[in-house]
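The primary structure of each chain is shown beneath.
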Amino acid sequence: GLPVYFTPNNDGYNDLWSIKRLPDYLDIRIDIFDRFGRTLTQLNKLNTCWDGTVKGELLPEDDYWFKIIYKDPNTLTYNSKISHFTLKR
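So, a few notes on the structure that sits alongside this text.

Cut-off values and rules
Residues numbered from 1 in each chain as written. Predicted model: local features only at pLDDT ≥ 70, side-chain atom pairs only at ≥ 80, totals over all residues. Heavy atoms only, no water. Helix = DSSP H or I, 4+ residues; strand = E, 2+ residues; numbered from the N terminus. Rg over C-alpha atoms; globule rule 2.2 N^0.38 Å. Contact = heavy atoms within 4.5 Å. Areas by Shrake-Rupley, 256 points an atom, 1.4 Å probe, with all protein chains shown as cover. Pairing = 2+ DSSP bridges. Salt bridge = Lys/Arg side-chain N within 4 Å of Asp/Glu carboxyl O. Buried < 20%, exposed > 50% of the residue type's maximum accessible area, 1.4 Å probe, protein only.

Turning to the overall build of the protein, a few remarks are in order. If you tally the helices and strands in the protein, you get zero helices and nine strands. When the helices and strands of the protein are read in sequence order from the N terminus, they spell out β-β-β-β-β-β-β-β-β. Compactness check: the protein gives a C-alpha radius of gyration of 13 Å against a globular reference of 12 Å for 89 residues, within 12% of the reference. Considering only contacts in the protein between residues 6 or more positions apart, those separated by 24 or more positions represent 49%. Counting every atom, the protein has about 5900 Å² of accessible surface; 49% of that belongs to carbon and sulfur.

Given below as structure tokens:
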């Protein structure tokens, strides 16, 4: 459920970056940041997707990173994962 790219060009396909099954987790936070480590947005159970903008401005085609911190529903322990994806225009 971790997408490796998305294409926010309003064609109806892959316009938003989101993680499948996000609501299955009891407690989850996803920080999306650029290559300089600047946090661009945070996702959670209420804010579940990102459209490739910051303050209404389109971000350039590039690789972006994310860190997921979540509470495993089976073990109730916190885990984290860092990975990246590509924004294609």
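Spatially, the five strands line up as an open sheet ordered 1-9-8-3-4, and their pairing is mixed. Every interior strand has two partners, whereas the edge strands, strand 1 (5–6) and strand 4 (39–43), have only one.

Within the element layout of this structure, H84 appears in strand 9 (residues 78–87). Residues within four places of H84 in sequence aside, it is in contact with D63, Y64, W65 and F66.

Turning to the pattern of salt bridges, a few remarks are in order. The tally for this structure, following the rule as stated, stands at three salt bridges. We note a salt bridge from D31 to R29, for which the minimum N-O separation is 2.8 Å. Residue classification places D31 among the buried residues on the basis of a relative accessible area of 10%. A residue is classified by how much of its surface remains accessible, and R29, at 37% relative accessible area, is partly exposed. Between D62 and R35 there is a salt bridge, with the nearest N and O atoms lying 3.3 Å from each other. Of the two residues, D62 is situated in strand 8 (residues 62–71) and R35 in the loop between strand 3 (28–33) and strand 4; the sequence distance between them amounts to 27 residues. Taking relative accessible area as the criterion, D62 reaches 26% and is therefore assigned partly exposed. With relative accessibility at 56%, the residue R35 sits in the exposed group.

Another aspect to go through is the pairing of strand 8. As defined by bridge partners, strand 3 adjoins strand 8 across six bridges and the pair is classed as antiparallel. The residue of strand 8 that forms the bridge with R29 is I69. With 10 bridges connecting them, strand 8 and strand 9 associate as antiparallel partners. Among the inter-strand pairings, F66 is bridged to a residue of strand 9, identified as S83. Hairpin connection, strand 8 to strand 9: the antiparallel pair is bridged by six residues, and L76 has positive phi, about 60°.

The values are spatial; any link to function lies outside them.
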